[in-house]
Amino acid sequence: MCVVCGCGNPGGPGPAGVAVDAKTGDLHFGAGAARVSVPGMSQQRAIKLEADVLGENDRIAARNREHFAAHGVTALNLVSSPGSGKTTLLCATIELLKQYEPGLGVAVIEGDQQTTNDADRIRATGAAAVQVNTGKGCHLDAPMVEAAFAQLPLHGHAHHHHGLGDGHDHGHAHGHDHDAMPAQLLFIENVGNLVCPAMWDLGEQAKVVILSVTEGEDKPLKYPDMFAAAQLMVLNKVDLLPHVDFDVERCIEYARRVNPAIEVLQVSATRRHGMNAWLDWLLARTRAGAEARECA
Amino acid sequence: MHEMSLAGGILKLVEDASRREGFGRVAQLRLEAGKLAGVELSALRFALEVVSRGTCLEAAQIVIDEPPGQGWCVNCAQNVQVHERGQPCPLCGGWQLMTNGGDRLRVVDMQVLD
């Protein structure tokens, strides 16, 4: 405030859009982008945002992650190009888990642009599935997964069920008996696309990229963002190796060029080759999730 | 074509700011798309043009900075510049690179008119 007359003028910066010379107090009304002061016309001003474009998605993904943990759910985001055999791998996996881990709850969120074909295939195995049709969208995002998870029976587990649309703002940090909670596995089958889904965090514990040997062995180099984002590469359809020109070692070498830490498994979902190692990997993930919850 | 979703995210950030800060029009919007962010800039520009029609972002000048990618080389034990994923360390030629920079898409700032 002005100490002389109390007029409220701090004697500092002048009116909006006017530059003030710090040394002399001179006012420059033509300092805006228009280089001229026009009464009634606003001058340009700068606004700092410094915001991640995916920040909103990432916030909801973090909420999904907490939500999954609170329900004892280990979520995996399965990504690949169309036709790599994701759904076939899932159906075979669910059948084997029913046999060897009958206590493990399994559910699937199926992402496709159109049709409920994949969710129908999953439901035929007896596992719960919800289809998310993205329309023209090329990937799943965190809000879609949040909405889909609310539809699944995993969501009701170890939890006094609440109606949809209650905002999910209840505290998950308390009120749940985590020790007694059975482990559950949620597969999120993303839209078949090796580009776009790499950028969207859904709240998963890990991304699993599936590559079939009927594709090119250089896909990790052609679509590096996806292989860089994945923790595991599953090479599928290895029963076809004698019939195709696919160099497994070179493919693995390419994948490690873009992601030195990536793990690799070789399977054939239709012939049930390599499925034990895949199940072991999944079960290790669910145990890791349970231990992390106990420590939390 | 995930650039359309990204353009929608950018527009939302701008419109939220417009309500918060009370401006009517954006003259210039400055973005930062790291070389390893996985964004195709021409597709993003096209998508922004489409989604901004009839909004405060329409006709704004879009400036996009492209900071280089950066990765930690395990062999060299230091950060090195990474031009694209799948390329070796420029110092030692090895592949033990963990990306740690130039992989974000951000809205930096904007020039607005009331």
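The structure presented is a predicted model; accordingly, all values stated were derived computationally and were not measured.

**Student:** Before we go on, may I ask you to explain the packing of helix α2 (residues 86–100) of chain A against helix α8 (residues 275–295) of chain A in this structure?
**Tutor:** Two measures define how a pair of helices packs: the angle their axes make with one another and the distance between the axes. Residues and elements named next belong to chain A. Their axes nearest at 11 Å, the elements α2 and α8 cross at an angle of 75 degrees. Relative to α8, the element α2 lies roughly perpendicular. Taking contact as the criterion, the partners of Leu89, Ala92, Thr93, Leu96, Leu97 and Tyr100 in α2 are, on α8, Met275, Trp278, Leu279, Leu282 and Leu283. When the residues that make up the contact of α2 with α8 are grouped by side-chain class, the tally is 10 nonpolar, 1 polar and no charged.

**Student:** Sorry if this is basic, but what is going on with the interface of chain B and chain A here?
**Tutor:** Interfaces are often sized by the accessible area lost when the parts come together. With 34 residues of chain B in contact, the opposing surface of chain A contributes 29 residues. Between chain B and chain A, roughly 2,900 Å² of surface is buried when both sides are summed, and carbon and sulfur atoms account for 57% of that area. Taken as a group, His2, Arg85 and Trp95 of chain B account for 20% of the area that chain B buries against chain A, more than any other trio of residues on that side. At the junction of chain B and chain A, the tally comes to 5 salt bridges. Taking the shortest distance from any N to any O, the salt bridge between Arg106 of chain B and Glu50 of chain A comes out at 2.9 Å. Of all elements in the fold, only α1 (3–21), β5 (97–101) and β6 (105–113) of chain B reach the threshold of two or more residues within the side of chain B that touches chain A.

**Student:** Would you mind showing me how to read a nonpolar patch on the surface here?
**Tutor:** Residues and elements named next belong to chain B. On the surface, a nonpolar cluster with roughly 290 Å² of combined accessible area is contributed by Met1, Met4 and Phe46. When you line up the elements, Met4 lands in helix α1. The exposure class of Met4 is partly exposed, given its relative accessible area of 31%.

**Student:** I tried to follow empty space enclosed by the protein on my own but got confused; where do I start?
**Tutor:** Where empty space is left can be seen by rolling a probe of water-molecule size over the atoms. Taken as a whole, this structure holds 1 cavity of 30 Å³ or more when the rule is applied. Empty space within the largest cavity amounts to approximately 80 Å³. Arg257 and Val258 of chain A together with Leu36, Val82, Glu84, Arg85, Gly86, Gln87, Leu97, Met98 and Thr99 of chain B are the residues that line the largest cavity. Contributions of two or more residues to the lining of the largest cavity are made by α7 (248–258) of chain A together with β5 of chain B. Sorting elements by how many residues they give to the lining of the largest cavity places β5 of chain B first, with 3 residues. For the lining of the largest cavity, the per-class residue count stands at 5 nonpolar, 3 polar and 3 charged.

**Student:** Could you clarify how one ought to interpret the nonpolar core in this entry?
**Tutor:** The tendency in soluble globular proteins is for nonpolar side chains to be buried as a group. Ranked by size, the top nonpolar core spans 48 residues in total, and within it Leu186 of chain A together with Ile10, Val26, Leu29, Leu44 and Met110 of chain B carry the most contacts. Per-element tally for this core: the top contributor is α1 of chain B, with 6 residues. Formed by 32 residues, the second largest nonpolar core is a distinct cluster that contains Leu78, Cys91, Val106 and Val234 of chain A.

**Student:** Teacher, can you tell me more about the sheet that holds β6 of chain B here?
**Tutor:** Strand pairing in a sheet takes place through backbone hydrogen bonds and is either antiparallel or parallel in direction. Spatially, 4 strands are ordered β3(A)-β6(B)-β1(B)-β2(B) in an open sheet, and the strand pairing comes out mixed. The open sheet terminates on both sides in strands that have one partner only, identified here as β3 (45–52) of chain A together with β2 (61–65) of chain B. Each strand axis lies, on average, 20 degrees off the axis of its neighbour in the sheet, ignoring direction. In terms of strand pairing, strand β1 (residues 25–33) of chain B meets β6 of chain B through 8 bridges, oriented antiparallel. Each residue of the ladder has a partner; that of Val26 of chain B, found in β6 of chain B, is Val112 of chain B.

What counts, and at which threshold
- In every chain, residue numbers begin from 1 and rise along the written sequence.
- Chains carry letters and ligands carry numbers; both start at the beginning, A for chains and 1 for ligands, and go up in the order they are written.
- Residues qualify for local features only when their pLDDT is at least 70, as the model is predicted, and side-chain atom pairs are given and counted only at 80 or more; totals for whole chains, interfaces and linings, by contrast, use all residues.
- The basis for the side-chain values is all heavy atoms of the structure; hydrogens and waters are excluded.
- For helices, the fitted line uses only the C-alpha atoms of the stretch in contact; every axis is such a line through C-alpha atoms, and the angle between N-to-C directions lies from 0 to 180 degrees.
- Under the DSSP-based scheme used, a helix requires at least four consecutive residues in state H or I and a strand at least two consecutive residues in state E, with every element numbered from the N terminus.
- Roughly parallel here means an angle under 35 degrees, roughly antiparallel means over 145, roughly perpendicular means 65 to 115, and every remaining angle is called oblique.
- Any two residues whose heavy atoms approach within 4.5 Å at even a single point are treated as in contact.
- Throughout, the ten residues Ala, Val, Leu, Ile, Met, Phe, Trp, Tyr, Cys and Pro are labelled nonpolar, Asp, Glu, Lys and Arg are labelled charged, and all others, Gly among them, are labelled polar.
- Note on definitions: buried area is the accessible-area loss of two parts on being combined, 1.4 Å probe, summed for both.
- Any carboxyl oxygen of Asp or Glu that lies within 4 Å of a side-chain nitrogen of Lys or Arg is treated as forming a salt bridge with it.
- Grouping into patches uses exposed residues only, defined as over 30% relative accessible area, and leaves out salt-bridged ones; the cut-off is 9 Å for like charges and 5 Å for nonpolar side chains (Val, Leu, Ile, Met, Phe, Trp, Tyr).
- Residue burial considers only the protein chains on display, and all accessible areas are found by Shrake-Rupley using a 1.4 Å probe.
- For every residue, the accessible area (1.4 Å probe, protein chains only) is compared with the maximum for its type, and the residue is labelled buried under 20%, exposed over 50%, or partly exposed between those bounds.
- Using a grid of 1 Å spacing that covers the protein atoms alone, one calls a set of points a cavity when a 1.4 Å probe fits there but cannot get out, and a pocket when the set is open and has protein on both sides within 12 Å along at least five of seven lines; lining residues are those with an atom within 4 Å of a point.
- Grid points are joined across faces, edges and corners, and a volume is the space filled by probe spheres set on the points.
- Note on terminology: a nonpolar core comprises buried Ala, Val, Leu, Ile, Met, Phe, Trp, Tyr and Cys residues joined through side-chain atoms within 4.5 Å.
- When DSSP finds two or more bridges between two strands, those strands count as paired.

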